[in-house]
Amino acid sequence: MSEARYDTATNESAENLLQRAVESLRQESASIQVKMQALTEEEKARVKKIEAAVQLIDQALAELGG
């Protein structure tokens, strides 16, 4: 995953930042799974961690009303 930098001085809302984070994580998960071959155990673990992070961010968005 590329190292995204977010400038919080741009007055970007927390909700928007979280939505961008979710999209970035989903893209990373998809890129791991697109190889057209069985995932290694390490890759499976990465996908599970990414999915857990997305769920946490979704919960945060729900708390923000998003």
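Chemist: Would you mind going over helix 1 (residues 14-33) in detail, with residue names and values included?
Modeler: Counting along an α-helix, one turn takes 3.6 residues, and residues three or four places apart therefore face a common direction. The terminal C-alpha atoms of helix 1, which comprises 20 residues, lie 29 Å apart, in line with the 28 Å expected from a rise of 1.5 Å per residue. Within the span of helix 1, buried status applies to L17, V22, S24, L25, E28, S29 and I32. The arc that holds the buried residues of helix 1, viewed along the axis, is 165°, so those residues lie on one side. Along its buried surface, helix 1 packs onto helix 2 (41-64).

Chemist: Before we move on, could you go through the pattern of salt bridges and cite the residues and values that matter?
Modeler: Within the structure shown, the criterion is met by three salt bridges. Measuring nitrogen to oxygen at the nearest pair gives 3.6 Å for the salt bridge that ties D58 to R26. Taken together, the positions of D58 in helix 2 and R26 in helix 1 put the pair 32 residues apart, joining distant regions of the chain. Judged by its relative accessible area of 32%, D58 falls in the partly exposed class.

Chemist: Tell me about the environment of E41, residues and numbers included.
Modeler: Mapped onto the elements, E41 comes out in helix 2. The class for E41 is exposed, based on a relative accessible area of 60%. Engagement of the side chain of E41 in a polar contact is seen with the side chain of K44, the distance being 3.3 Å.

Chemist: Please give an account of helix 2 that cites residues and values.
Modeler: Relative to the 34 Å expected for 24 residues at 1.5 Å per residue, helix 2 spans 35 Å between its end C-alpha atoms, a close match to the ideal helical length. Within helix 2, the full set of buried residues consists of E43, V47, I50, V54, I57 and L61. Residues of helix 2 that are buried sit in contact with helix 1. A positive phi of about 90° marks G65, the residue just after helix 2.

Chemist: Describe the nonpolar core, naming the residues involved and giving the relevant values.
Modeler: Counting residues in each nonpolar core, the largest one holds eight residues, listed as V22, L25, I32, V47, I50, V54, I57 and L61. When residues of this core are traced back to their parent elements, those giving at least two are helix 1 and helix 2. Take this core: its biggest share by element is five residues, from helix 2. The residues touching I57, leaving out its near neighbours within four places in the chain, are L18, A21, V22 and L25.

Analysis parameters
- Every chain's residues receive numbers from 1 upward, in the order its sequence appears when written.
- Per-residue local features of the predicted model are confined to residues with pLDDT of at least 70, and side-chain atom pairs are confined, for both listing and counting, to 80 or more; whole-chain, interface and lining totals are unaffected and use all residues.
- To obtain the side-chain values, all non-hydrogen atoms of the structure were used and water was disregarded.
- Strands are runs of DSSP state E lasting at least 2 residues, helices are runs of H or I lasting at least 4, and numbering of each runs from the N terminus.
- How far a helix is expected to stretch is found by multiplying one less than its residue total by 1.5 Å.
- For every residue, the accessible area (1.4 Å probe, protein chains only) is compared with the maximum for its type, and the residue is labelled buried under 20%, exposed over 50%, or partly exposed between those bounds.
- Arc definition: it is the arc formed by the directions from the helix axis to the C-beta atoms.
- Pairs of residues are marked as contacts when any of their non-hydrogen atoms sit within 4.5 Å.
- Any Lys or Arg side-chain nitrogen found within 4 Å of a carboxyl oxygen on Asp or Glu counts as a salt bridge.
- Pairs of N or O atoms within 3.5 Å make up the polar contacts considered here, provided that, within protein, one atom can donate a hydrogen while the other can accept it, and that residues adjacent in sequence are counted only when both atoms are side-chain atoms.
- In this text, buried Ala, Val, Leu, Ile, Met, Phe, Trp, Tyr and Cys residues form a nonpolar core when linked through side-chain atoms within 4.5 Å.

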